[in-house]
Each structure stands twice: as structure tokens, then as C-alpha cells.
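# Structural description and commentary
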Amino acid sequence: MSGAAAARTICLNVNGEERSATAEPRVTLVDFLRHGLRLTGTHVGCEQGVCGACTVLIDGFAVRGCLMLAVQAEGRQVQTIESLGTVEAPHALQRAFLKHHALQCGYCTPGMLLSLAQFLHDVPDPTEQEVREAISGNLCRCTGYHNIVKAALDAAAELRGAREEN
Amino acid sequence: MKPPPFEYFAPTKLPEAVALLSASENARLLAGGQSLMAMLNMRYVFPDRIVDLNRVAELDFIEEEAGTLVVGAMTRQRTLQRSPAIAAKLPVVAKALRHVGHFQTRNRGTFGGSLCQLDPSAELPAVALAYEATVVAVGPAGQRSIPFEQFPVTFMTSSLASDEILTAVRFTPWGGKVGTGFSEFSRRHGDFAVAGAIAVLAGETGGPIRRASLTLFGIAEAPKRARDAEAVLVGRRVTADLIEEVAALCVAHATLEDPFGSAEYRGHVAAAMAKSALSEASAELDRQ
Ligand SMILES: Cc1cc2nc3c(=O)[nH]c(=O)nc-3n(C[C@@H](O)[C@H](O)[C@H](O)COP(=O)(O)OP(=O)(O)OC[C@H]3O[C@@H](n4cnc5c(N)ncnc54)[C@H](O)[C@@H]3O)c2cc1C
Ligand code: FES
Ligand code: FES
């Protein structure tokens with residue numbers, strides 16, 4: 001149990017690696033990732049929980065990085081967009097986003113991808129309506145959502161196929 | 001914006017949390033953070049101390065005991081939504097949760113946090129009122145139980161003292177044949193509702209209503225039971241005409257005015273929501 005308001009070392013497991021930096025307890029998880037650990041793939045929009053740009057996975061669950069303190073993530077598995085795929089080996093969702101033009105400026109994209117990663121894990125064979133409901137907490141000001149929905153359904157089919165093969 | 005400075009404590013036991021809370025004049029409990037963190041980021045609140053309940057494991061549970069169902073304050077909204085016991089005994093909880101924010105906010109947001117936040121449009125306080133739940137709180141003076149009807153005192157303010165912690169919510173599921181309905185209107189999926197209604201009806205298939213609960217939310221400082229409408233329902237068989245008659249009584253319950261809607265508008269939305277919640281509940285009852 002820690003009690004001070006002063007900065008201290010915060011040690012987190014991020015994308016499978018132990019990472020640490022110094023921060024005050026009031027620092028949000030998304031600011032710690034971006035400023036403390038220089039992982040700038042996670043974006044910040046509203047800081048009020050509304051836009052979803054700051055979404056990260058904690059123990060596999062999508063959460064708002066702006067509505068959690070960095071200290072609260074100690075001892076948990078944090079996953080950011082940096083670990084979803086690589087340029088050489090993109091995740092099925094990333095391939096589908098590319099194919100369907102599901103991004104323009106890219107501001108919402110990391111949050112969309114990680115939200116959809118948990119959603120497709122929970123609901124592997126969703127309807128279009130279920131996808132729309134799932135991304136209702138992620139705002140996109142560019143695409144009009146249609147292509148994101150198409151990409152999500154396409155990735156879902158691919159992920160189901162991959163699962164059957166295994 | 002960023003949160004103001006505060007000292008942070010993350011106790012693992014309830015008595016520790018009580019002691020930490022009462023030792024500061026200006027402390028705040030942190031549950032799921034889905035309301036409080038936004039208020040901190042916007043600097044609506046300036047606590048000197050944050051007491052984080054997320055590591056107090058004893059507050060995260062769903063327990064069935066002798067005809068009651070008890071939900072721990074730190075039970076995540078996601079956990080509740082997926083609990084078979086909740087779905088079987090308190091189906092309105094599951095119906096309402098689909099409308100509480102988004103799946104990402106339900107991954108963190110808790111049952112107790114939503115009750116204490118007491119937003120007038122929030123679904124979970126309305127569910128607690130609909131089922132006549134009892135809230136259990138502990139403070140330095142010990143434990144006490146508060147019927148949910150007496151829990152809200154004014155706009156977004158509960159009757160808890162500043163050094164009390166809500167620990168659990170106790171429900172007594174209705175016996176016999178029960179039908180439930182939930183309906184709300186919001187501008188976009190996941191937004192706070194303009195107004196909504198919850199109906200719980202008990203009786204015999206095709207026979208008269210034995211017990212009725214009709215709760216409106218988004219229409220006053222806190223959720224409200226439409227007692228006049230309930231009195232009309234009991235002893236009668238549900239027909240389309242009866243539903244029209246009781247829904248019309250709901251309009252006058254609305255007192256809340258804000259830039260999103262006048263009281264009159266909210267009252268009419270609530271009446272429409274009451275109509276669909278009652279239809280759903282009576283259809284469910286008839287199927288049994
Ligand atoms: C984008 C978005 C959309 C949302 N939409 C909805 C919606 O449609 N409907 C809805 O109802 N809510 C909605 N919410 C809010 C909901 O997600 C929160 O879960 C809820 O309001 C607060 O619960 P929490 O666990 O996050 O509590 P916190 O935010 O941690 O706490 C809320 C308040 O309660 C106090 N508190 C918490 N736990 C206790 C306790 N055990 N004892 C005493 N006091 C306590 C805190 O000190 C604080 O003042 C939304 C939130 C977001 C970010
Ligand atoms: S920055 Fe976190 S939800 Fe918008
Ligand atoms: S691609 Fe620009 S906000 Fe979504």
C-alpha cells in the first residue's frame with residue numbers, strides 16, 4: 001500500500017515486457033504509456049471516456065486508458081496497439097482495415113482495433129448490428145463507420161477460419 | 001485536462017479502506033473510475049486523497065443466500081451482465097446493463113459506483129429501486145442497511161456519510177410467475193438516456209396482476225416509482241387499454257428540466273417507454 005502524492009517508480013508489464021518510469025499517482029495510464037514509456041501508438045482524445053482513442057487491453061479486456069491511473073495497472077498485463085501486429089505480420093484486423101479502407105486520419109484506429117480484438121474474442125461470429133453496437137464507444141470523425149464494420153466482419157470470418165484450422 | 005494532485009492509497013482489506021477514508025477530511029473512493037476519473041480529468045473535483053477499492057477483493061462477489069441475492073459493490077458491470085444467477089433471478093439487471101455505457105466502460109465500471117454516482121438517467125439505480133433493493137454500507141461507526149428508496153437524497157447525492165463505503169446491495173427476487181420489461185430512449189447507443197422505464201409484473205397467466213413495480217428514470221432528480229400507475233395495475237388484467245391508461249399517468253411524474261429536454265418532453269418520453277416496458281413485461285408473463 002502506497003500513500004504519497006509524490007512521483008515514484010511505476011513498474012508495469014506492457015506487451016509482455018517489464019517497463020518502468022517515474023510518475024505521480026495522478027498520472028493516467030494513457031499519459032504514462034505515451035510520456036513515461038514513449039509508446040505513442042495509444043492516442044488521447046477527450047480524456048472523459050467518450051471517444052475511445054485511448055483504448056488498451058488490461059488482462060485482455062478493453063478499457064479507457066484515460067479513465068485509469070497508471071498505478072492501478074501494476075501487476076496486470078497491459079497490451080497496447082504496438083503489440084497487435086507488425087508491418088511484416090499484421091493482425092487479421094489490421095489486414096482487413098487496410099483492405100476495406102477502414103481508416104483515414106488514423107486517430108481512432110488503435111482504439112478501434114483493440115476494442116474489436118476483445119469483441120471478436122467474446123463474439124467470434126457477430127452480426128453487423130452487434131459490430132455497430134460494439135464500436136459505439138469508439139468515435140471516428142472520418143470514415144462514417146461503414147468500412148470499419150465491413151473490415152470487422154471480414155476479420156471475424158478470417159479469425160474463425162484460422163481457429164478451425166488449429 | 002489532467003487530474004489535480006492527490007495522495008493515493010490502494011488498500012486490500014475493507015477495514016483498512018474505512019480507516020483511510022475517515023482519516024482525511026477530503027477523500028474520495030475510486031471504484032471503476034468511469035465517472036470519477038472523468039471528473040478528476042476535468043477538475044470538477046479536487047480530493048486530497050484517493051482510496052482505491054479495486055484491490056479490495058472481498059467487495060467483488062455475487063452470492064445467493066436464503067431467498068436473497070447479494071451483489072458486492074465492486075462487482076464489475078461485465079460480470080453482472082454475464083452472471084447466470086442474475087439472469088435467472090433479476091432479469092432486469094441484465095436487460096438494463098446493455099444500455100449502461102459501452103462494453104469497454106462495463107469492463108471497469110462497478111455496480112456500487114453507479115449507485116453512488118446516482119446520475120438521474122442511470123439505469124442501475126433505477127433497477128435497484130424497481131426491485132426494492134437494500135444497500136449495505138460500513139463506516140467507522142459500523143454497518144447499516146438502507147432501503148434503496150431512501151438512498152438518494154437529492155440530485156446525484158446519496159444518503160451515505162462522507163466516511164461510509166457502500167459494500168453490497170441485497171435483492172429479494174420476486175416469487176411466482178414474473179414478467180419484466182426495460183425500455184429507454186437515448187440519442188445514440190450507450191449515451192445516457194433521456195428517459196426510461198422498468199416494469200416488473202407478477203400474476204397468473206391471463207389472470208389479474210398480483211404485484212406491480214413501475215420505475216421511471218431520467219425524469220426527476222433520482223429514479224422514481226410511479227405508485228399511482230402501480231395501484232391501477234394491481235388486480236386488473238393487462239390489456240392495451242390498461243397500458244394506455246397507466247402510461248398516461250407517467251407524464252406528470254417528470255420534473256427534471258435541462259438543456260436536453262423540458263420536463264414535459266421527458267414526461268412524454270417516459271410514458272412511451274412505460275408503455276413498451278409494460279407490454280414487454282405482460283407478454284413475458286403470458287408466455288409462462
Ligand atoms: C462513455 C461513457 C458512457 C457512459 N454511459 C452510461 C450510461 O449510459 N448509463 C450509466 O448509468 N452510466 C454510464 N456511464 C457511467 C458508468 O460507466 C459508471 O460505471 C458509473 O457511473 C460509475 O461507476 P464506477 O464504478 O466507474 O465508479 P467511479 O467513477 O469510480 O465512482 C463514482 C462515484 O461513486 C463513489 N463511489 C464509488 N464506489 C463507492 C462505494 N463502494 N461506496 C461509496 N462511494 C462510492 C466515488 O467516490 C465517486 O464519487 C458512462 C461512462 C462513460 C465513460
Ligand atoms: S481519450 Fe480516453 S476515451 Fe477519449
Ligand atoms: S480515421 Fe480519422 S477518426 Fe477515424
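Please refer to the structure higher up on the page.
Here goes a summary of the coordinates provided. Just so it is clear, the structure is predicted and the values come from calculations on it, not from any experiment. (Residues numbered from 1 in each chain as written. Chains lettered and ligands numbered in written order. Predicted model: local features only at pLDDT ≥ 70, side-chain atom pairs only at ≥ 80, totals over all residues. Heavy atoms only, no water.)

## Here's the deal with the sheet that holds strand β3 (residues 49-52) of chain B
Residues and elements named next belong to chain B. Counted only if it meets this: Pairing between strands is defined by DSSP: at least two bridges between the two strands are required. Secondary structure elements follow DSSP: runs of H or I no shorter than four residues count as helices, runs of E no shorter than two count as strands, and numbering proceeds from the N terminus. In this analysis, axes come from line fits to C-alpha atoms, helices being fitted only over the stretch in contact, and the angle between any two N-to-C directions falls in the range 0 to 180 degrees.
Strand order in the open sheet formed by 3 strands is β1-β3-β2, with parallel pairing between adjacent strands. Every other strand in the sheet has two partners, leaving β1 (7-9) and β2 (27-30) as the edge strands with one partner each. Strand after strand, the sheet turns through a mean of 20 degrees between neighbouring axes, direction not considered. Note: β2 against β3, 4 bridges, orientation parallel.

## Points about the pattern of salt bridges
What counts is decided by this rule: What makes a salt bridge here is a side-chain nitrogen of Lys or Arg within 4 Å of a carboxyl oxygen of Asp or Glu, nothing more. Classification of residues uses two cut-offs on accessible area relative to the type maximum, computed with a 1.4 Å probe and protein chains only: under 20% is buried, over 50% is exposed, and between them is partly exposed.
Tallying each qualifying case throughout the model produces 27 salt bridges over all chains. The residue E128 of chain A makes a salt bridge to R132 of chain A at a minimum N-O spacing of 2.9 Å. Of this pair, E128 of chain A and R132 of chain A are both found in helix α4 (residues 128-134), 4 residues apart, which corresponds to roughly one turn of the helix. Judged by its relative accessible area of 41%, E128 of chain A is partly exposed. We classify R132 of chain A as partly exposed; its relative accessible area is 27%. E132 of chain B is the salt-bridge partner of R211 of chain B, the closest N and O atoms lying 3.5 Å from each other. Taken as a pair, R211 of chain B in strand β13 (residues 209-217) and E132 of chain B in the loop between α8 (123-130) and β6 (134-139) lie far apart in primary sequence, 79 residues in all. A single salt-bridge network, built from bridges that share partners, covers E132, E149, R211, R225, R227 and E230 of chain B.

## What to know about unusual backbone geometry
Residue and element names in this part refer to chain B. The phi dihedral of R43 is positive, around 55 degrees, even though this residue is not glycine. The residue R43 is located in the loop between α2 (36-41) and β3 in this model. The phi dihedral of E132 is positive, around 55 degrees, even though this residue is not glycine. Using a relative accessible area of 39% as the deciding quantity, one classes E132 as partly exposed.

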